[in-house]
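Residues per chain are reported as follows:
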Amino acid sequence: MADKPVRADKATAVAELTEQFRSSSATLLTEYRGLTVAEITELRRSLGKQTKYSVSKNTLAKRAATDAGIEGLDALFTGPTALAFVEGDPVEAAKGLRAFAKDHPALLIKGGVFEGKAISADEVSKIADLESREVLLAKLAGAMKGNLTKAAGLFQAPLSQVARLAAALQEKREKDGSAEG
């Protein structure tokens, strides 16, 4: 009888983890062996409100990933594992983890999930090298504005040429009219 409440708790934990895998824009897996509770708390704060960093049992996390339809993570569920469920910008979370890992070598980034596919630790590092979503959007907007300005100039050029041509024709008519008279 004592097994049933434990199994119910495990089923609930798996269901919660499965939902987090499904609702997150990315999930990053880390090994936290050697970090103190204070350091893990510092890491959670540094990741911000858009990322939930939680320690999980490997068997439960593995089952939740499978239930969420994510394959290729099984090899990463070894040793003490913590999951960073990212609801916001995955680039910022990857940068935050990498920066924390530089200051605290005990934190190892194992890999993760990005756009529903398993990624390696090297790929997480490449994501961290990207610029944030806001910066990329600002660059795109700037490029689009520049192109729109060029397009407006191109559309305006024929009109100004027609206006100059009309003015030249009118001048010629006026000259021709005054020369005849």
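Up top is the structure.
Quick look at the structure, then. (Residues numbered from 1 in each chain as written. Predicted model: local features only at pLDDT ≥ 70, side-chain atom pairs only at ≥ 80, totals over all residues. Heavy atoms only, no water.)

### A few points about the overall build of the protein chain
The secondary structure content of the protein chain amounts to 6 helices and 5 strands. Each helix and strand of the protein chain, placed in order from N terminus to C terminus, yields the pattern α-β-α-β-α-β-α-β-β-α-α. What you see for the protein chain is a C-alpha radius of gyration of 30 Å, clearly larger than the 16 Å of a compact globule of 181 residues, by over 25%. By principal-axis analysis of the C-alpha atoms, the protein chain measures approximately 120 × 35 × 25 Å. Here the protein chain, with 181 residues, has 31% of them falling under the buried criterion. Long-range contacts, defined as pairs at least 24 residues apart, comprise 79% of the intrachain contacts of the protein chain with a sequence gap of at least 6. Of the roughly 12000 Å² of accessible surface on the protein chain, 57% is carried by carbon and sulfur atoms. Once the 26 positive and 24 negative side-chain charges of the protein chain are each reduced to a mean point, those two points are 2 Å apart. (Helix = DSSP H or I, 4+ residues; strand = E, 2+ residues; numbered from the N terminus. Rg over C-alpha atoms; globule rule 2.2 N^0.38 Å. Buried < 20%, exposed > 50% of the residue type's maximum accessible area, 1.4 Å probe, protein only. Contact = heavy atoms within 4.5 Å. Areas by Shrake-Rupley, 256 points an atom, 1.4 Å probe, with all protein chains shown as cover. Lys, Arg positive; Asp, Glu negative; His and termini not counted. Charge placed at Lys NZ, Arg CZ, Asp CG, Glu CD.)

### A closer look at the environment of G116
Tracing the chain through its elements places G116 in the loop between β4 (108-114) and β5 (117-120). Using a relative accessible area of 48% as the deciding quantity, one classes G116 as partly exposed. Sequence spacing of G116 and G69 is 47 residues, and the spatial spacing of their C-alpha atoms is 8.0 Å.

### As for the nonpolar core
In this structure, L28, L43, Y53, L97 and L107 are the most contacted members of the largest nonpolar core, which totals 22 residues. At the level of secondary structure, the elements contributing two or more residues to this core comprise β1 (26-31), α2 (37-47), β3 (81-86), α4 (90-103) and α5 (121-129). Counting residues per element, this core draws most heavily on α4, which supplies 6 residues. When sequence neighbours within four positions are dropped, the list of residues in contact with Y53 reads T30, Y32, I40, L43, R44, L47, A82, L83, A84, L97 and L107. One finds F21, A64, A65 and F77 within the second-largest nonpolar core, a separate group that totals 16 residues. (Core = buried A, V, L, I, M, F, W, Y, C linked by side-chain atoms within 4.5 Å.)

### Considering the pattern of salt bridges
Taken as a whole and assessed by the stated rule, the structure comprises 1 salt bridge. Here R33 and E31 are joined by a salt bridge, their closest N and O atoms 3.5 Å apart. (Salt bridge = Lys/Arg side-chain N within 4 Å of Asp/Glu carboxyl O.)

Read these as layout, nothing more, since geometry by itself doesn't imply function.
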